[in-house]
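Each chain, letter by letter, is given below.
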Amino acid sequence: MADRFVYHCALRWSDLDAYGHVNNARVLTLYEEARVAMMFAGGRAWGVDSFADGVVIRRHEVDYLRPIDYALGRATAEAAPTVRIELWVEQVRAGSFTVAYELHDGDVLASTARSVLVPFDLVAKRPRRISADERTFLLSYAPAGGSV
């Protein structure tokens, strides 16, 4: 498998629900934070700035495998507890791509997900094709020998 994009995301007190676990809707926000880091910061490092011009979500699919705790034992005086999110690209098509995720709470896999994304021209208000540079960047996070 190609390198995964790894993002360490700080948990916020406001992420918690009444049971003291990270709320299921907030898990999507954590995935979003990791995905934005990959596409915008990671893309920019590759010389690909075009994702910042417009990408929309077509579909999310999330599996919650166990509750995610705000683990004070993993916090420090300087930093809140974090979760590790690993992302990779499962599929690249002409006008969409699929990102897969694993969210790890400490050493335990707590959630998996997939998002189908569509590059979008915000001015013309319509989907657009993936550019050659975007495709090269996305394929750098695709499984080796996979059918992307």
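Whatever comes next refers back to the structure up there.
The sections below set out a description of the structure shown in this document. (Residues numbered from 1 in each chain as written. Predicted model: local features only at pLDDT ≥ 70, side-chain atom pairs only at ≥ 80, totals over all residues. Heavy atoms only, no water.)

## Topic: the overall build of the chain
Thought 1: For the chain, the helix and strand inventory stands at two helices and six strands.
Thought 2: Of the regular secondary structure in the chain, the N- to C-terminal order runs β-α-β-β-β-β-β-α.
Thought 3: Over its C-alpha atoms the chain spans a radius of gyration of 16 Å, differing by no more than 12% from the 15 Å that the globule rule assigns to 148 residues.
Thought 4: Projected onto its principal axes, the C-alpha coordinates of the chain cover approximately 45 × 35 × 30 Å. (Helix = DSSP H or I, 4+ residues; strand = E, 2+ residues; numbered from the N terminus. Rg over C-alpha atoms; globule rule 2.2 N^0.38 Å.)

## Focus on the packing of aromatic side chains
Each aromatic ring pair is specified by the distance between its two centres and by the angle formed by the two planes.
Thought 1: Here the structure, examined in full by the defined rule, presents six aromatic pairs.
Thought 2: The interplanar angle of 85° and the centroid separation of 6.0 Å between the aromatic rings of F5 and Y141 together place this pair among those described as edge-to-face. Of this pair, F5 sits in strand β1 (residues 5–10) while Y141 is found in the segment after α2 (132–139), placing the two residues 136 residues apart along the sequence.
Thought 3: With 5.8 Å between their ring centres and 75° between their planes, W46 and F137 make a pair best called edge-to-face. With W46 in the loop between α1 (24–45) and β2 (55–64) and F137 in helix α2, this pair connects stretches of sequence that are 91 residues apart.
Thought 4: Of the residues examined, F137 reaches a relative accessible area of 0% and is grouped as buried.
Thought 5: Cluster of aromatic residues (ring-pair linked, three or more members): F5, W46, F51, F97, F137 and Y141.
Thought 6: Directly above the aromatic system of W88 lies the positively charged group of R4, at a separation of 3.8 Å from the ring centroid. (Phe/Tyr/Trp six-rings, centres within 6.5 Å; stacked < 30°, edge-to-face > 60°. Buried < 20%, exposed > 50% of the residue type's maximum accessible area, 1.4 Å probe, protein only. Lys NZ or Arg CZ within 6 Å of the ring centre and 35° of its normal.)

## Comments concerning α2
Thought 1: Buried within α2 we find E134, F137 and L138. Take α2 and look down its axis: the buried residues cluster within an arc of 95°, on one side only.
Thought 2: Buried residues in α2 make contact with α1, β3 (82–92) and β4 (97–105). (Arc of directions from axis to C-beta. Contact = heavy atoms within 4.5 Å.)

## As for the pairing of β3
The two faces of a sheet get side chains in turn, since along a regular strand they alternate between them.
Thought 1: One ladder, built from six bridges, connects β1 with β3; its direction is antiparallel. Of the residues in β3, the one forming a bridge with F5 is L87.
Thought 2: In this structure, β3 lies alongside β4, joined through eight bridges in antiparallel fashion. Bridge assignment links V92 to a residue of β4, and that residue is F97.
Thought 3: Count of turn residues in the β3/β4 antiparallel hairpin: four residues. (Pairing = 2+ DSSP bridges.)

## Digging into the pattern of salt bridges
Pairing is possible between side chains of opposite charge, provided their charged atoms come close.
Thought 1: Counting across every chain of the model gives 13 salt bridges.
Thought 2: E61 is paired through a salt bridge with R59; the nearest N and O atoms lie 3.3 Å apart.
Thought 3: Of the residues examined, E61 reaches a relative accessible area of 33% and is grouped as partly exposed.
Thought 4: Judged by its relative accessible area of 48%, R59 is partly exposed. (Salt bridge = Lys/Arg side-chain N within 4 Å of Asp/Glu carboxyl O.)

## Some thoughts on the side chain of S96
Thought 1: Among the secondary structure elements, S96 is positioned in the loop between β3 and β4.
Thought 2: Looking at S96, the relative accessible area reads 8%, which means it is buried.
Thought 3: Every residue in contact with S96, bar those within four places of it in the chain, is listed here: R58, Q91, V116, L117, V118, P119 and I130.

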